[in-house]
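As a plain string of letters, each chain reads:
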Amino acid sequence: VLYDLRNSDLRVRWLATLFLATLGTSYLFGAWMVGLYAGFSTGKVAETYGAGGEMAMPMQMPPDTTMVTERPVSMADMGEEQHHVDRDLLVQDTHVHMPMYAMIAASLSVITLGLAIPRRAGLAIITLLFAAPWLDFAGMWLTKLGSPHFAIVVLAGGWAMALGYVIVAALATYQMWWRKS
Amino acid sequence: MKSLALGAALAALLHITPTVVLVKRQDAVARLLPGAEQFTARELHLSSQDSRRLHDAVGWEPPDGVITFYVGKRQEQVSGALVFMRVDCQHGPLELAIGYDARGTIRGVEVTKATVEMKPWVLEALRAGLMDSYRGNTNAQAPAGAEKVKPRVGAMPGYMAELIDKGVMHASAAYRLFYR
């Protein structure tokens, strides 16, 4: 190991614990937010990021002539916000969130480097930590530009992010505070 | 370590603050389509050619090619139309509701959403009477709200007024070109 988290200074272990606790809390709220605005099913994700998210009927390509459709709506329909991420908002989201995700993955990777685990397991965890946000955003873009079926990639990215965090948090907490050598 | 801290600070600075509702959509509908009893959503799925026309007119086109007008009717007579318009900037999105009467004159504009950061700037621009400058304008008239309030507000509220002008301009161009 590059450094040993188990036998590190109390301040380092305290820092890592607080970081993991803070990140865990933000992830819980992140999951809540996903539930509110995008959903956890492929259908909901496709509706949020897909090209046809704001339309009654999904339409991938612009029609040859402008089409007008009319349907009765209630006051509640107009008030109910159907959250949809269009291309411009996705550009902004990607620009804003990717650096933050990189910092989170890097921080969790630094903690991983201090774990007493086989080298290959360390490599696998670090790969997972960075692959998760890539999958998440690649999925969003593919859902937008390719097919709504790519919504599964967004879900896989989200779950991979949670899995990476749980693995690092569980191992680090156990090794720092219980399994001392 | 230094670059790590710098990166984290930069990421935090770039983060867009959450969106807050300034006026509920239902309240905006009630104010901008007063007395309407029935509503229809008129969705315009723009062709590439019409998207280009709109872009040529105001330098904007809906990213997903769809503009939705909500039409209000009273006793089977159209009383007006309303469109929700989003304007993006580096501080996040603003959502406006722009209402037109049956002749196509602007009945009113409401800012329905802004980000936490933008809210005080928007409120300052509104207190300076920004919305009064749109009321009664024709849909062909260039909005000039920012010009009117800028001498009385700070730089950021002035910038918000420019963004609101832009949203009104986009909505009016869509109304003028495609609303039948």
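Whatever comes next refers back to the structure up there.
An account of the accompanying structure is given in this report. For every chain, the first residue of the written sequence is number 1, and numbering continues from 1 along that sequence. Note on labels: chains are lettered from A, ligands numbered from 1, in written order. Residue-level local features of this predicted model are given only where pLDDT is at least 70; pairs of side-chain atoms are given and counted only at 80 or more, and the full residue set underlies all totals for whole chains, interfaces and linings. As a rule here, side-chain values come from all non-hydrogen atoms in the structure, and water together with hydrogens is ignored.

## Here's the deal with the overall build of chain A
Thought 1: Within chain A one finds six helices and one strand.
Thought 2: Of all 181 residues assigned to chain A, the portion counted as buried reaches 39%.
Thought 3: Contacts between residues were defined by any pair of non-hydrogen atoms, one from each residue, lying within 4.5 Å. Long-range contacts, defined as pairs at least 24 residues apart, comprise 77% of the intrachain contacts of chain A with a sequence gap of at least 6.
Thought 4: Methods summary: accessible areas were calculated by the Shrake-Rupley approach with a probe of 1.4 Å, and residue burial reflects only the protein chains presented. In the form shown here, chain A has an accessible surface area of approximately 10300 Å², with 70% of it arising from carbon and sulfur atoms. Runs of E in the DSSP output that reach at least two residues are strands. Runs of H or I that reach at least four are helices, and both are numbered from the N terminus. Here the term buried applies to any residue with accessible area under 20% of the maximum for its type, exposed to any over 50%, and partly exposed to those in between, with areas from a 1.4 Å probe on protein chains only.

## Structural notes on the nonpolar core
Thought 1: Within the largest apolar cluster, 44 residues are counted, with the highest numbers of intra-cluster contacts made by B:Leu54, B:Leu94, B:Ile98, B:Met118 and B:Ile164.
Thought 2: Looking at this core, the elements with two or more residues in it are helix H3 (48-58), strand S3 (66-74), strand S4 (77-89), strand S5 (92-101), strand S6 (106-115), helix H4 (119-127), helix H5 (145-149) and helix H6 (155-178) of chain B.
Thought 3: Counting residues per element, this core draws most heavily on H6(B), which supplies eleven residues.
Thought 4: Not counting chain neighbours up to four residues away, the residues in contact with B:Met118 comprise B:Cys89, B:His91, B:Gly92, B:Pro93, B:Leu94, B:Met160 and B:Leu163.
Thought 5: In plain words, nonpolar cores are sets of buried Ala, Val, Leu, Ile, Met, Phe, Trp, Tyr and Cys residues tied together by side-chain atoms within 4.5 Å. Of all hydrophobic cores here, the second largest spans 33 residues; its members include A:Ile111, A:Leu129, A:Ala132 and A:Ala172.

## Regarding the sheet that holds strand S1 (residues 67-73) of chain A
Thought 1: In spatial order, the strands read S1(A)-S2(B)-S3(B)-S4(B)-S5(B)-S6(B)-S1(B); together these seven strands make up an open sheet with antiparallel pairing. One side of each edge strand has no neighbouring strand; the edge strands of this open sheet are S1 of chain A together with strand S1 (19-21) of chain B. Adjacent strand axes in the sheet meet at a mean angle of 25° when their direction is disregarded.
Thought 2: Here, a strand pair is defined by DSSP locating no fewer than two bridges between the strands. With six bridges joining them, S5(B) and S6(B) adopt antiparallel strand pairing. Its bridge partner lying in S6(B), B:Ile98 is registered against B:Val109.
Thought 3: Each of S4 and S5 of chain B is contacted by helix H4 (residues 87-113) of chain A, which is oriented at about 25° to S4(B), the strand it contacts most.
Thought 4: Sitting on the sheet, H4(B) is in contact with S1, S5 and S6 of chain B, with an inclination near 155° to S6(B). Lines are fitted to the C-alpha atoms to define the axes, a helix being fitted only along its stretch in contact, and any angle between axes, read from their N-to-C directions, falls within 0 to 180 degrees.

## Considering the pattern of salt bridges
All names here are of chain B.
Thought 1: The term salt bridge refers to a side-chain nitrogen of Lys or Arg lying within 4 Å of a carboxyl oxygen of Asp or Glu. Inspection of every chain in the model, using the stated rule, returns twelve salt bridges over all chains.
Thought 2: Between arginine 53 and aspartate 50 there is a salt bridge; the shortest N-O distance is 3.1 Å. With arginine 53 and aspartate 50 both in helix H3, this residue pair falls three residues apart, about one helical turn.
Thought 3: Classification of aspartate 50 as buried rests on a relative accessible area of 13%.
Thought 4: Taken together, the shared-partner salt bridges in this structure form one network comprising Arg25, Glu95 and Lys113.

## A word on unusual backbone geometry
All names here are of chain B.
Thought 1: Even without being a glycine, glutamine 75 presents a positive backbone phi close to 45°.
Thought 2: Structurally, the position occupied by glutamine 75 is in the loop between S3 and S4.
Thought 3: Although it is not a glycine, glutamate 76 adopts a positive phi angle of roughly 65°.
Thought 4: Tracing the sequence through the fold places glutamate 76 in the loop between S3 and S4.

## Quick notes on the pairing of S6(B)
Residue and element names in this part refer to chain B.
Thought 1: Burial analysis of S6 places nine of its ten residues in the buried class, which makes it a mostly covered element.
Thought 2: Inspection of the sheet shows S1 paired to S6 by three bridges, in the antiparallel sense. Following the sheet pairing, valine 20 is matched in S6 by alanine 114.

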